[in-house]
Amino acid sequence: MAHQDWQRLFLQAKQWTKEAGESIRKSMGDTFEVHTKAHQHDLVTDVDRQTEAFYKDKIRESYPNHRIMGEEGLGDDVKDLVGTVWIIDPIDGTVNFVHQQCYFAISLGIFHEGIGMVGIVYDVMADEMFTAVKGQGAFLNEEALPVLPKVSLEESILSFNVGWVLKDRRLETLVEKSRAVRSYGAAALEIAYVACGRLDAYISFNLAPWDIAGGSVILQEVQGQATNYKGKELTFLGKDTLLAANPHIYKEVIREIHE
Ligand code: 2AM
Ligand code: CA
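Residues numbered from 1 in each chain as written. Chains lettered and ligands numbered in written order. Predicted model: local features only at pLDDT ≥ 70, side-chain atom pairs only at ≥ 80, totals over all residues. Heavy atoms only, no water.

**Comments concerning the coordination of the calcium ion (ligand 2)**
Tetrahedral coordination by four donors places them ideally at 109.5 degrees to one another around the metal; octahedral coordination by six donors ideally gives 90 or 180 degrees. Definition in use: A 2.8 Å cut-off from the metal defines N, O and S donors, relaxed to 3.2 Å for Na, K and Ca; water is not in the atom list, so some sites may appear incomplete. Remark: exposure states derive from per-residue accessible area (1.4 Å probe, protein chains only) relative to the maximum for the residue type, with buried under 20%, exposed over 50%, and partly exposed in between.
Within the protein, the atoms that donate to the calcium ion (ligand 2) are E71 (OE), D89 (OD), D89 (OD) and I91 (O), at distances of 2.1 to 2.9 Å. The class of I91 is buried, set by a relative accessible area of 1%.

**What to know about the nonpolar core**
Threshold: Buried Ala, Val, Leu, Ile, Met, Phe, Trp, Tyr and Cys residues form a nonpolar core when they are joined through side-chain atoms within 4.5 Å. Helix numbers and strand numbers start at the N terminus; a helix is a DSSP run of H or I with at least 4 residues, a strand a run of E with at least 2. For each domain, the first and last residues come from an automatic or database assignment. Note on definitions: a residue-residue contact is assigned when non-hydrogen atoms from the two residues lie within 4.5 Å.
Ranked by internal contacts, the top residues of the largest apolar core, which has 38 residues, are L81, I87, V121, F130, L219, F236 and L242. Where this core is concerned, the elements lending two or more residues are β4 (84-92), β5 (105-112), β7 (128-133), β8 (138-140), α6 (187-195), β12 (201-207), α7 (209-220) and β14 (240-245). No other element matches the eight residues that α6 contributes to this core. Summarising the domain contributions, this core has at least three residues from each of domain 1 (3-144) and domain 2 (153-258). The residues touching V121, leaving out its near neighbours within four places in the chain, are A105, I106, S107, E128, M129, F130, A188, L189, A192, G214, G215 and I218. Core analysis: the next-biggest nonpolar cluster, separate from the first, contains 29 residues, W16, V47, F97 and I106 among them.

**Quick notes on the domain arrangement of the protein chain**
Quick reminder of the rule: Buried area counts how much accessible surface, traced with a 1.4 Å probe, disappears from two parts once they are put together, with both parts' losses summed. When a carboxyl oxygen of Asp or Glu lies within 4 Å of a side-chain nitrogen of Lys or Arg, that pair is called a salt bridge. As used in this structure description, the phrase polar contact means that two N or O atoms lie within 3.5 Å; if the pair is within protein, one of them must be able to donate a hydrogen and the other to accept it, and residues adjacent in sequence are counted only when both atoms belong to side chains. Three classes are used: nonpolar for Ala, Val, Leu, Ile, Met, Phe, Trp, Tyr, Cys and Pro, charged for Asp, Glu, Lys and Arg, and polar for all others, with Gly counted as polar.
When its domains are assigned, the protein chain resolves into domain 1 (3-144) and domain 2 (153-258). Contact with domain 2 buries surface across domain 1, with D92, Y103 and F130 losing the most and accounting together for 23% of the total. Counting across the interface, domain 1 meets domain 2 through one salt bridge. The tally of links from domain 1 across to domain 2 stands at eight residue pairs in polar contact (both at pLDDT 80 or more). Where the side of domain 1 that touches domain 2 is concerned, the elements lending two or more residues are β3 (67-70), β4, β5, β6 (115-123), β7 and β8. Take the side of domain 1 that touches domain 2: its biggest share by element is seven residues, from β6. Among the residues forming the side of domain 1 that touches domain 2, the class breakdown is 18 nonpolar, eleven polar and eight charged.

**Quick word on the environment of F139**
Within the fold, F139 resides in strand β8. F139 sits in the partly exposed class, given a relative accessible area of 29%. Considered as a pair, F139 and H258 are 119 residues apart in the sequence and their alpha carbons are 33 Å apart. For F139, the contacting residues outside a window of four places in its chain are M129, F130, T131, A144 and L145.

**So, the packing of aromatic side chains**
Rule in force here: The rule is short: rings of Phe, Tyr and Trp, with Trp giving its six-membered ring, pair when the centres are within 6.5 Å, and they are stacked under 30 degrees, edge-to-face over 60, tilted in between.
Scanning the model with the defined rule gives eleven aromatic pairs in all. Ring geometry for F97 versus F104: centroids 4.9 Å apart, planes at 80 degrees, classification edge-to-face. The pair F97 / F104 is uniform in exposure class, with both members buried. Three or more aromatic residues link up through ring pairs in this structure, and these residues are Y103, F130, Y184 and Y193.

**Some thoughts on the site of ligand 1**
Short version of the rule: For this description, a residue counts as near a given molecule or strand if any of its non-hydrogen atoms is within 4 Å of it. Shrake-Rupley sampling with a 1.4 Å probe provides the accessible areas, and residues are treated as covered by the protein chains on show and by no other component. A 1.4 Å probe that fits but cannot get out identifies a cavity on a 1 Å grid over protein atoms alone, an open set with protein on both sides within 12 Å along at least five of seven lines counts as a pocket, and a residue lines either if it has an atom within 4 Å of a point. A molecule is said to be in a cavity or pocket once over half of its atoms fall within 2 Å of that pocket's grid points.
Around ligand 1, the surrounding shell holds 16 residues, and the nearest of these are D89, D92, G93, A187 and K239. Within the backbone of A187, a nitrogen or oxygen atom sits 2.8 Å from an oxygen atom of ligand 1. Coverage of ligand 1 by the protein amounts to 85% of the 480 Å² it exposes when considered alone. Its atoms largely coinciding with the cavity grid, ligand 1 occupies the largest pocket. When residues of the shell around ligand 1 are traced back to their parent elements, those giving at least two are β4 and β12.

**Focus: the sheet that holds strand β11 (residues 180-182)**
Hydrogen bonds between backbone atoms are what pair the strands of a sheet, whose relative direction is either parallel or antiparallel. Definition in use: At least two bridges found by DSSP between two strands are what make those strands a pair. Axes, fitted as lines to C-alpha atoms, cover a helix only where it is in contact. Angles between the N-to-C directions of the axes lie from 0 to 180 degrees.
Overall, mixed pairing links the five strands, which are arranged β11-β10-β12-β14-β13 in an open sheet. The two strands at the open ends of the sheet, each matched to only one other strand, are β11 and β13 (225-227). This sheet shows a mean twist of 15 degrees between the axes of neighbouring strands, independent of strand direction. Pairing analysis gives five bridges linking β12 to β14, with the strands arranged antiparallel. The partner of L207 across the bridge, within β14, is D240. Along the sheet, α6 makes contact with β10 (157-159), β12 and β14, crossing β12 at roughly 155 degrees. Along the sheet, helix α8 (residues 247-258) makes contact with β10, β12, β13 and β14, crossing β14 at roughly 140 degrees.

Listed below in structure tokens is the structure:
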């Protein structure tokens, strides 16, 4: 696809995401069914399913030869990234959505032959939309995001779930060496926060492609790095660990985890 075609696809995806966000905001006062999935930390609601169905219908109608990898499984059984694939998390941070009514996002990555071309992470309640088209920079709403500045570990704000510290005590060193640790519970949003400098690194030990696809496209546009926590390239095809970081502390964080 030519450069202007990706731009057109991006504008379409952005418009759909605004509509989906508006619909989620309208549903906030409603009662909706909440189900647990694998365990008590993993929730899904009617709103997750309805939002994914909204994208599925739009994509099927406008781009019938594109495939869809969605968390709620309404799309295709995607086992490779051949052609154009939309990787969608209709609500990233469902626990926050259910319990806090804020700090959740729609996450969307559009990949072509395995390369992230479009990334959108939309914080629905804050009305903050992080976007990127490969090679054209990253944006927060209409503001261009600058390339990530130099930072040291000592002045960094890191983010990870406290549960991971119990699983791997080596993260304690990072707690001690950094300025502060935060935990938002919405991976896509936390990667977008690394891209705009609110965080300097985000670590998770268990994420799915839809948690990271949109954010990783945005992060690469500001020269941020995203790999698994051993430094290996992400495949966007199965669950993996993640280190999304400002490039100036990326290597040091990997070293600290593996020492
Ligand atoms: P979700 O809200 O879309 O499920 C919470 O720390 C972050 O991890 C959220 O982005 C959440 O996404 C994701 N997450 C929660 N449970 C998960 C699981 N079992 N596998 C992969 N990602 C998960
Ligand atoms: Ca989700």
